[in-house]
Amino acid sequence: MSTVGTPRAAGRYPGPVARFRQLPLRSRLAMLTAVAVAFAVALSAAACWLITRDRLTEQLDAQLSTVEVNANYVQALSAYCNNPDGVHFQPTPYTIQLVSAGGYVCTSPDKAPIPAQRADTAVAGRRVASTVHVTRAEDGAEMRVWTKPFPGPLTDTQGNRLAISVALPMRQVTDPLNQLALVLLVVAGVGVLGAATAGHWVARAGLKPVDRLTEAVEHVARTQDLAIRIPAEGEDEIARLSRSFNAMTAALASSRDLQQQLIADAGHELRTPLTSLRTNIDLLVRSEQSGRPIPPADRQALLASVKAQMGELAALIGDLQELSRPTAPGQSAVAVVALHDVVGTALERARLRGPSLTFTADIAPWYVRAEPAGLERAVVNLLDNAVKFSPAGGSVEVRLSGGELTVRDHGPGIPQDELPHVFERFWRSPSARSLPGSGLGLSIVARTAEQAGGAVRLRSADVGGTEAVLTLPGAATPPPAPPTPPEEPPARPDGGG
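Residues numbered from 1 in each chain as written. Predicted model: local features only at pLDDT ≥ 70, side-chain atom pairs only at ≥ 80, totals over all residues. Heavy atoms only, no water.

*Asks:* Please give an account of the overall build of the protein chain that cites residues and values.
*Replies:* When helices and strands are counted, the protein chain shows 10 helices and 13 strands. Going through the 497 residues of the protein chain one by one, you find that 33% of them count as buried. Partitioning the contacts of the protein chain with sequence separation of at least 6, the portion at a separation of at least 24 is 60%. About 30,300 Å² of surface is accessible on the protein chain, with carbon and sulfur atoms providing 58% of the total. (Helix = DSSP H or I, 4+ residues; strand = E, 2+ residues; numbered from the N terminus. Buried < 20%, exposed > 50% of the residue type's maximum accessible area, 1.4 Å probe, protein only. Contact = heavy atoms within 4.5 Å. Areas by Shrake-Rupley, 256 points an atom, 1.4 Å probe, with all protein chains shown as cover.)

See below:
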């Protein structure tokens, strides 16, 4: 079957709204500006034209209402209509007619007759005081007619009283209106074109910062270059957006640098235990393959070293996993935690790791909002740090009061020039690099404190050693439990209430 002439499927081409949305933003702004200006100009032009028409019509009516037709002229006009010969009239711009109640009209010489309207005959019959209207003469000219009663005794041949109509061409109104309409049309066209041009220029100037921002975003997406910055001038929305973009790219660049640094540091830290593991395992494998056994004492030392290196690897991987967890609010399970219980549990673990140390504790109740696992890890890291640097037979003092946890050891302490670096990832004091550890413990403590809205700091104690202070906001009493919703009564087996 032929498809010639078949209408195209509906929805095949986008509608005007869809095509408009596909235009560039500056073109849409220019079009909207032109449409808004065209609408305003059209309303203004229409209002101007209507007001001018009313005023010209009022002037024409006032001119017609002031025309006085004397009785002699009426008598002469009546005689002229009965016998045109021998009657002469002075030329006048007005068309003057005698109108009878029956619709008969008598028109002044050299003027086209104007058919009587119902309103004119009503005035002649004294049913209406006067009337003014627009009608057409027999020659097609549009006329403005003012009809009023004739007060004299003159009547038509049937004895009906007469009315007098005075008329002028509507050209006095329509010609100026046509000229005004042409002028308004030209002015409106020029205004709309000017508005469209100005709108396009304003759109280009206003969207230039957006173009720069778009180019910057495309450049970042294409090249992964986060060093680009957009000039931000002023306090408007575009300047705020530019500053926000600059802050975002700076944060992304910093995050990427930290990520690369973390990977590099992690690789460096992993290389040492892996190398030691590989060396020890190679010795054990070579001993088995060559048939030359390693002395039992050396074998036990190798196995102990392998075990220690495995433990160090496990601790390092656990610390890396802890640091890689999300830090944004709402991405971790925050709950009300009894900090004094966490400190008590961490103390039990610390006593097992430092059996030769003396622990003194002064712990007051304190409740905080934090992630339970992360908070416990942070407290354990503080105590482990104190155990690691305390000499054999030394003491560790733990105190929790008013949301401030203080852990003091009596070890060698930390030099003042090294204190600013203690919370950096993988940083280890030169004097502590021979001790076990990954250099991530205090970084985890600082991260946990920041997530909970607190802070941590290390300082040198008065009589030697180091004092770590972890401050967390909270309260000495737990918050009230939320009300439990009332239990609904069980439904009856028969479904009744």
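*Asks:* Tell me about the environment of Asp-139, residues and numbers included.
*Replies:* Here Asp-139 is to be found in the loop between strand E3 (131-136) and strand E4 (142-149). On the accessibility criterion, Asp-139 (55% relative accessible area) is exposed. Measuring from C-alpha to C-alpha, the distance between Asp-139 and Pro-113 comes to 8.0 Å, with 26 residues separating the pair along the chain. Within polar-contact distance, the side chain of Asp-139 engages the backbone nitrogen of Ala-141 at 3.2 Å. (Polar contact = N/O pair within 3.5 Å; in protein donor to acceptor, adjacent residues only side chain to side chain.)

*Asks:* Could you give an account of the packing of helix H2 (residues 25-65) against helix H5 (residues 171-223), with specific residues and numbers?
*Replies:* Two elements in contact, H2 and H5, have axes whose closest approach is 7 Å; the angle formed by their N-to-C orientations is 160°. It follows that H2 is roughly antiparallel to H5 by the angle criterion. Remark: the crossing between H2 and H5 carries right-handed chirality. Of the residues that constitute the contact of H2 with H5, the class distribution is 24 nonpolar, eight polar and four charged. (Axes fitted to C-alpha atoms, helices over the stretch in contact; angles between N-to-C directions. Parallel < 35°, antiparallel > 145°, perpendicular 65-115°, else oblique. Left-handed = near helix turned anticlockwise from the far one by under 90°. Nonpolar A, V, L, I, M, F, W, Y, C, P; charged D, E, K, R; others polar.)

*Asks:* Would you mind going over the state of the cysteines in detail, with residue names and values included?
*Replies:* Evaluated as defined, the whole model comprises one disulfide. Paired by a disulfide, Cys-81 and Cys-106 hold their sulfur atoms 1.2 Å apart. Looking down the S-S bond of the Cys-81 and Cys-106 bridge, the torsion is 80°, so its handedness is right-handed. Here Cys-106 lies in strand E2 (residues 105-107) and Cys-81 lies in helix H3 (residues 71-82), a separation of 25 residues in the sequence. Overall, Cys-81 belongs to the partly exposed group, its relative accessible area being 24%. (Disulfide = S-S within 2.5 Å.)

*Asks:* Explain the sheet that holds strand E11 (residues 455-460) residue by residue, including any values.
*Replies:* Strand order in the open sheet formed by five strands is E7-E9-E10-E12-E11, and the pairing between neighbours is mixed. At either end of the open sheet lies a strand with only one pairing partner, and these are strand E7 (358-363) and E11. The average undirected angle you get between the axes of adjacent strands in this sheet is 10°. In this structure, strand E10 (residues 404-409) lies alongside strand E12 (residues 466-471), joined through five bridges in antiparallel fashion. Across the sheet, residue Thr-406 finds its bridge partner in E12, namely Val-469. (Pairing = 2+ DSSP bridges.)

*Asks:* How would you explain helix H10 (residues 441-451) if you had to name every residue and give the values?
*Replies:* Burial in H10 covers these residues: Leu-442, Ser-443, Ile-444, Val-445, Arg-447, Thr-448 and Ala-449. Gly-453 lies just past H10 and shows a positive phi near 80°.

*Asks:* Lay out the sheet that holds strand E8 (residues 367-370) in plain terms, naming residues and giving numbers.
*Replies:* Spatially, E6-E8-E13 is the arrangement adopted by the three strands of the open sheet, whose pairing is antiparallel. Looking along the sheet, the strands with just one partner apiece sit at the ends: strand E6 (335-338) and strand E13 (474-475). Contacts from helix H8 (residues 339-353) reach E6 and E8, with the element oriented near 55° to E6.

*Asks:* If you had to explain helix H9 (residues 372-389) to someone new, which residues and values would you point to?
*Replies:* Over its 18 residues, H9 runs 26 Å from end to end, which matches the ideal 26 Å to within 8%, given 1.5 Å per residue. Regarding H9, the residues found buried are Gly-374, Leu-375, Ala-378, Val-379, Val-380, Asn-381, Leu-382, Leu-383, Asn-385, Ala-386 and Val-387. (Expected span 1.5 Å × (residues − 1).)

*Asks:* Give me the packing of H9 against H10: which residues, what numbers.
*Replies:* Where H9 meets H10, the axes come as close as 9 Å, and the angle between the chain directions of the two elements is 140°. Taken together, H9 and H10 sit at an angle that is classed as oblique. Crossing hand, H9 versus H10: left-handed. Here H9 contributes Gly-374, Leu-375, Arg-377, Ala-378, Asn-381, Leu-382 and Asn-385 to the contact with H10, which in turn contributes Gly-441, Leu-442, Ile-444, Val-445 and Thr-448.

*Asks:* A description of a nonpolar patch on the surface should follow, citing residues and the corresponding values.
*Replies:* Taken together, the side chains of Leu-182, Leu-185, Val-186 and Val-190 make up a nonpolar region of the molecular surface, amounting to roughly 410 Å² of accessible area. Tracing the backbone through its elements, the reader meets Leu-185 in helix H5. (Patch = residues over 30% accessible without salt bridge, like charges linked within 9 Å, V, L, I, M, F, W, Y side chains within 5 Å. Salt bridge = Lys/Arg side-chain N within 4 Å of Asp/Glu carboxyl O.)

*Asks:* Can you break down the nonpolar core residue by residue, with the values?
*Replies:* Counting 37 residues, the largest nonpolar core has Leu-339, Val-343, Val-379, Leu-383 and Leu-405 as its most contacted members. Of all elements in the fold, only H8, E8, H9, strand E9 (395-401), E10, H10, E11 and E12 reach the threshold of two or more residues within this core. At eight residues, H9 tops the list of elements feeding residues into this core. Those residues in contact with Leu-383 that sit more than four places away from it in its chain are Ala-346, Leu-347, Ala-350, Val-398 and Val-407. Membership of the second largest hydrophobic core comes to 21 residues, among which are Tyr-73, Phe-89, Leu-168 and Met-170. (Core = buried A, V, L, I, M, F, W, Y, C linked by side-chain atoms within 4.5 Å.)

*Asks:* Could you give an account of the environment of Ser-287, naming the residues involved and the relevant values?
*Replies:* Residue placement: Ser-287 occurs in helix H6 (residues 237-290). Owing to a relative accessible area of 7%, Ser-287 belongs among the buried residues under this scheme. Considered as a pair, Ser-287 and Arg-299 are 12 residues apart in the sequence and their alpha carbons are 9.9 Å apart. Within polar-contact distance, the side chain of Ser-287 engages the backbone nitrogen of Ile-294 at 3.4 Å.

*Asks:* Could you give an account of the pairing of E9, with specific residues and numbers?
*Replies:* Alternating residues of E9 divide into Val-396, Val-398 and Leu-400, all buried, and Ser-395, Glu-397, Arg-399 and Ser-401, none buried. As defined by bridge partners, E7 adjoins E9 across six bridges and the pair is classed as parallel. Along E9, the bridge assignment pairs Thr-360 with Glu-397. Where E9 lies against E10, six bridges are found, and the strand directions are antiparallel. Note that in E10 the partner of Arg-399 across the bridge is Thr-406. Here E9 folds back onto E10 in antiparallel fashion, the turn holding two residues, of which Gly-402 has a positive phi close to 60°.

*Asks:* Lay out the pairing of E3 in plain terms, naming residues and giving numbers.
*Replies:* Residues of E3 alternate between two faces, with Thr-131, His-133 and Thr-135 buried on one and Val-132, Val-134 and Arg-136 left unburied on the opposite face. In the sheet, E3 pairs with E4 via six bridges, with the strands oriented antiparallel. What sits directly across from Thr-131, in E4, is Thr-147.

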